[in-house]
Amino acid sequence: MAVLRAYIDVASAKEIMSSPVTTIAEVGKHEGQSVTIRGWLYNLRESGKLLFPQFRDGSGVIQGVVPKNVVPPEVFDAIKTLTQESSVIVEGKVRADKRAPGGYELDVANVEVVQRVAESDPYPITPKEHGTDFLMEHRHLWVRSQRQAAILRVRAEIIKAARDFFDDRGFTLTDPPIITPAACEGTTTLFPVDYFDDQAYLTQSGQLYIEATAMALGKVYSFGPTFRAEKSKTRRHLTEFWMVEPEVAYGQLDDLMELAEGLISFIVKRCLQRRRVDLQTIGRDISKLEKITPPFPRISYDEAVKNLQEGHAKGALESKFEWGGDLGSPDETYLSVQFDKPVMVHRYPAKVKAFYMEPDPERPELALCVDVLAPEGYGEIIGGSQRMASHELLVQRIREHGLPEEAFKWYLDLRKYGSVPHGGFGMGIERAVAWICGLEHVRETIPFPRMLYRLYP
Ligand code: 4AD
Ligand code: MG
């Protein structure tokens, strides 16, 4: 018993442990029965002749109870000397306990140590406090902590919800290329790729390509990694992030805003239904999320400017916002904290937005675009617009923006062969996770963040 032996496969666990293998999340189905759990030692407390090992298996954490006078001495000794994050297979009886976080405890009967972490080289992340740099440097291990694992589960739920939302509404998933010949969102944040003898770039957005598939399939979306060589070191920017982007043929600005509020409300509701415990583990104020239902407030850029100028007059904003500028982070925060739902700011000056946006026919200096700002100061989570339908105007914009016309020949074709009003938006997954989980920084929203000064691990 409790001998260190090579762990081969599930079968080996079954050989030693006669009880059925289950996960911690599912132990409730086996109340009063013996089960086998395969995982790691999360923590160990000792109190006289009792050991309280906490085991984790990725689905949850369960506390074991090991009384010295009940279990065989080798089992007691094996657990007593277990080091943090040693991998173990344990067998025990499931007992309901109202005080236990998951509702159950395990009366441990048997243990197999799969790998014992050496005392001379202990697990680097201890229950004591660590600095962020240290944790980021050990991100490959940090993801094992309860809070980080909960965040990753919420992230997965958000992605699943976004896909379900579009799949259930007649959208077809179309995957745009990652390696592209030209910019989508401005030339200053392109990551170059040496493509044999050509210059290529990592995609900033799948948009231009899904405009083409929207003309083929009507309603489409893409979901994939996108890249920005951002030199900015903020808590909202990554150099590699994931974006979900719908694109709708015949879709106009109002349709896009309705789609955006529908998507966000759907995702939040799904997280509340399926990830409530994880949100609690993370410490999220759930009552704030419960308010996220359509419709969302909509304000024009003009109204936003007025609001920001009033804020400055009241002394709440340092600098006076002038009409024509793009909203900065403090501006977005100032606006968003006035609402308990995301606020949709529409019709920005075309000058501060991308080349492809359709001008407002009533005021051509404005673009038919929308940014959705999350509440509580989480900033822009969605950016979108109606796309320019006119071939002539689009050529002009491409020239004004100094973009290589040759590379956009195919894109211009879309305005020659049955051009229609259309539009879409992009939602950054990490920004959505940061807001829904209530995180200070986007670095915790993705398993391995890529930032200006972070390429390891
Ligand atoms: O506003 P953006 O730049 O819009 C586009 O890329 C459009 N082509 C999308 C479209 O219309 N199909 O980016 C969209 C969203 C932002 O609102 C933000 O949530 C996220 O992508 N985002 C970032 N997230 C993390 N790090 C960055 N550097 C990001 N840049 C944008
Ligand atoms: Mg934007």
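Trainee: Explain the sheet that holds strand β9 (residues 191-195) to me, please; I cannot follow it from the model alone.
Mentor: In a beta sheet, neighbouring strands pair by backbone hydrogen bonds and run either parallel or antiparallel. Spatial ordering of the open sheet is given by β8-β10-β9, a layout of three strands whose pairing is antiparallel. Single-partner strands in this sheet number two, and they are β8 (179-180) and β9. Bridging between β8 and strand β10 (residues 198-202) involves two bridges; their strand directions are antiparallel. Residue pairing in the sheet places Thr180 in a bridge with Tyr201 of β10.

Trainee: Can you walk me through the packing of aromatic side chains in this structure?
Mentor: The relative placement of two aromatic rings is captured by the distance of their centres and the angle of their planes. Using the criterion set out here, one finds 15 aromatic pairs in the structure. Between Phe408 and Tyr411, the aromatic rings sit 6.4 Å apart at their centres with planes inclined by 65°, giving edge-to-face as the arrangement. Here Phe408 and Tyr411 have matching classes, each one buried. These aromatic residues form a ring-pair network of at least three members: Tyr209, Phe355, Tyr356, Phe408, Trp410 and Tyr411. The lysine or arginine in question, Arg169, covers the ring of Phe266, its NZ or CZ lying 5.4 Å from the ring centre. Over the ring of Tyr411 we find Arg415; its NZ or CZ atom is 4.3 Å from the centre of that ring.

Trainee: Looking at this model, I keep getting lost on helix α12 (residues 391-400). Mind explaining?
Mentor: Every α-helix carries 3.6 residues per turn, so stepping three or four residues along brings you back to the same face. Every buried residue belonging to α12 is among Leu394, Val395, Arg397 and Ile398, and all of these are buried. Looking down the long axis of α12, one finds its buried residues gathered within 165° of arc, a one-sided arrangement. Away from the buried face of α12 by more than 90 degrees, exposed residues Glu392, Arg399 and Glu400 are located. The elements touched by buried residues of α12 are α13 (409-413). Measuring from the backbone nitrogen of Glu392 back to the side-chain oxygen at the start of α12 gives 3.3 Å, which picks out Ser390 as the cap. Gly402 occupies a position one or two residues after α12 and carries a positive phi of about 65°.

Trainee: Could you clarify how one ought to interpret the site of ligand 1 in this entry?
Mentor: Close to ligand 1 lie 23 residues, the nearest being Glu185, Gln207, Glu245, Glu380 and Ile381. The side chain of Arg228 places a nitrogen or oxygen atom 2.9 Å from an oxygen atom of ligand 1. The separation between a nitrogen atom of ligand 1 and a polar side-chain atom of Glu245 is 2.7 Å. Notes on ligand 1: free accessible area 630 Å², of which the protein chains cover 94%. Elements with a contribution of two residues or more to the shell around ligand 1: β12 (240-249), β18 (379-386) and β19 (422-428). If you tally residues by element for the shell around ligand 1, the top one is β18, at five residues. Grouping the constituent residues of the shell around ligand 1 by class yields seven nonpolar, eight polar and eight charged.

Trainee: Please clarify how the sheet that holds strand β7 (residues 172-173) should be interpreted in this entry.
Mentor: Strand order in the open sheet made by the eight strands is β7-β11-β12-β19-β18-β17-β14-β13, with mixed pairing throughout. Sheet topology places β7 and β13 (298-300) at the edges, where each strand pairs with a single neighbour. Here β7 pairs with strand β11 (residues 219-227) via two bridges, running parallel. Across the sheet, the residue bridging to Leu173 is Tyr221, located in β11. Helix-sheet contacts for helix α6 (residues 207-217) involve β7, β11, β12 and β19, and the interaxial angle to β12 is about 30°. In the packing of helix α11 (residues 329-336) onto the sheet, the strands contacted are β13, β14 (343-346), β17 (369-374) and β18, and the crossing angle to β17 comes to about 75°.

Trainee: What is the right way to look at unusual backbone geometry in this model?
Mentor: In terms of backbone geometry, most residues other than glycine have negative phi values and most peptide bonds are trans. Residues Pro294 and Pro295 are joined by a peptide bond in cis, for which omega reads 0°. Among the structural elements, Pro295 can be located in the loop between α9 (286-290) and β13. The peptide bond linking Tyr456 to Pro457 adopts the cis configuration, its omega dihedral lying at 0°. With respect to the secondary-structure elements, Pro457 resides in the segment after α14 (429-437). One non-glycine residue with positive phi stands out, namely Glu85, at about 70°. Among the secondary structure elements, Glu85 is positioned in the loop between α2 (73-80) and β5 (87-96).

Trainee: What exactly am I supposed to notice about the domain arrangement of the protein chain here?
Mentor: By a widespread convention, an interface's size corresponds to the accessible area lost as its parts come together. Splitting the protein chain by domain gives domain 1 (13-115) and domain 2 (140-444). On a C-alpha basis, the centres of domain 1 and domain 2 stand 45 Å from each other. The partner domain 2 presents four residues to the seven residues of domain 1 that form the contact. Taken together, the two surfaces of domain 1 and domain 2 that pack against each other cover about 430 Å², and 40% of this comes from carbon and sulfur. Ranking the residues of domain 1 by area buried against domain 2 places Tyr42, Arg56 and Glu85 at the top, with a combined share of 61%.

Conventions we followed
- Residues numbered from 1 in each chain as written.
- Chains lettered and ligands numbered in written order.
- Predicted model: local features only at pLDDT ≥ 70, side-chain atom pairs only at ≥ 80, totals over all residues.
- Heavy atoms only, no water.
- Pairing = 2+ DSSP bridges.
- Helix = DSSP H or I, 4+ residues; strand = E, 2+ residues; numbered from the N terminus.
- Phe/Tyr/Trp six-rings, centres within 6.5 Å; stacked < 30°, edge-to-face > 60°.
- Buried < 20%, exposed > 50% of the residue type's maximum accessible area, 1.4 Å probe, protein only.
- Lys NZ or Arg CZ within 6 Å of the ring centre and 35° of its normal.
- Arc of directions from axis to C-beta.
- Contact = heavy atoms within 4.5 Å.
- Polar contact = N/O pair within 3.5 Å; in protein donor to acceptor, adjacent residues only side chain to side chain.
- Near = heavy atom within 4 Å.
- Areas by Shrake-Rupley, 256 points an atom, 1.4 Å probe, with all protein chains shown as cover.
- Nonpolar A, V, L, I, M, F, W, Y, C, P; charged D, E, K, R; others polar.
- Axes fitted to C-alpha atoms, helices over the stretch in contact; angles between N-to-C directions.
- Domains from an automatic or database assignment.
- Buried area = accessible area lost by both parts, 1.4 Å probe.

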